[in-house]
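The lines below spell out each chain.
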Amino acid sequence: GAFSLPIGVFPHVASGGGWKTQLYVSNPASTPVDVLVSFQGDDGGPLSLPLNISGSGTSAVSRTASSVTATVAGNSTLLIESASKGSSVTGWAQVFTNGNTATGASLAGYGVFHYTSAAGIESEGTVPMDAVAGTDFVLPYESENRFGMGLALANLSASQEAPITITVVDEDGTSLPGTQFVLPSSGHKSFMLNDLVPG
């Protein structure tokens, strides 16, 4: 059947320019689950990436694509990894299933963002696959002592723009200057908080 049940979101994917992203989709249940992982660019259009696909009891495959269809075997993990070479691009990914909601709900996942600088220094961060989309959330931040907060937002609607308002409050509850912008349908934006909201 059609892959119509959204079960998870990776709000940020970075590839090229020293960046690579590894997306892990795990099935802790004993029943196999068919999934579609769809990549979208910052502008909301399909994002075609050089990908290595492995795990889940299948042979590794390399190809350039904007989506991956696979069966995640029971008690198994699917790994989709982007390449670190080429020009730097960003976007996001959404995971769908064609099974019933109960089967898809058993899936879990996380994304790993890996960066290798020109000097060979490596850094890495991990975020869970978001299972529930929201329209309002609170994010603690740290902007002292050379710390910085990176944010990534994705608009899950394929038909409507998303007006975004960022309200910044310090640890004493004092409101600081915020910002507003619009995400296009299926669009994505990633930024450092200090770059978008100076001070």
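Residues numbered from 1 in each chain as written. Predicted model: local features only at pLDDT ≥ 70, side-chain atom pairs only at ≥ 80, totals over all residues. Heavy atoms only, no water.

Caption draft 1: Summary view of the environment of Val-61. Here Val-61 is to be found in strand E5 (residues 58-65). Given a relative accessible area of 37%, Val-61 falls into the partly exposed group. Look past the residues within four positions of Val-61 in its chain and what remains in contact with it is Leu-51, Asn-52 and Ile-53. (Helix = DSSP H or I, 4+ residues; strand = E, 2+ residues; numbered from the N terminus. Buried < 20%, exposed > 50% of the residue type's maximum accessible area, 1.4 Å probe, protein only. Contact = heavy atoms within 4.5 Å.)

Caption draft 2: The side chain of His-188, seen in detail. Positionally, His-188 belongs in strand E14 (residues 188-192). A distance of 3.1 Å separates a polar atom in the side chain of His-188 from a polar atom in the side chain of His-12. Side-chain polar atoms of His-188 contact the backbone oxygen of Gly-91, separated by 3.1 Å. The residues touching His-188, leaving out its near neighbours within four places in the chain, are Pro-11, His-12, Gly-41, Asp-42, Thr-90, Gly-91, Trp-92, Ala-152, Leu-153, Ala-154 and Leu-183. (Polar contact = N/O pair within 3.5 Å; in protein donor to acceptor, adjacent residues only side chain to side chain.)

Caption draft 3: Up close: the sheet that holds strand E10 (residues 122-128). In spatial order, the strands read E5-E4-E7-E2-E9-E10; together these six strands make up an open sheet with antiparallel pairing. Across the chains shown, the open sheet's two edge strands, defined by having one partner strand only, are E5 and E10. Neighbouring strand axes in the sheet, compared pairwise and without regard to direction, differ in orientation by 15° on average. Bridge count for strand E4 (residues 49-55) against E5 is six bridges, and the pairing is antiparallel. Within E5, the position partnered with Leu-51 by the bridge is Arg-63. (Pairing = 2+ DSSP bridges. Axes fitted to C-alpha atoms, helices over the stretch in contact; angles between N-to-C directions.)

Caption draft 4: How the structure looks around the pairing of strand E2 (residues 19-27). Taken together, the eight bridges between E2 and strand E9 (residues 108-116) define a ladder with antiparallel strand orientation. Bridge pairing in E9 places Val-25 opposite Gly-109. Judged from the six bridges that link them, E2 and strand E7 (residues 76-82) form a sheet pairing that is antiparallel. The residue of E7 that forms the bridge with Val-25 is Leu-78.

Keep in mind these values describe shape, not function.
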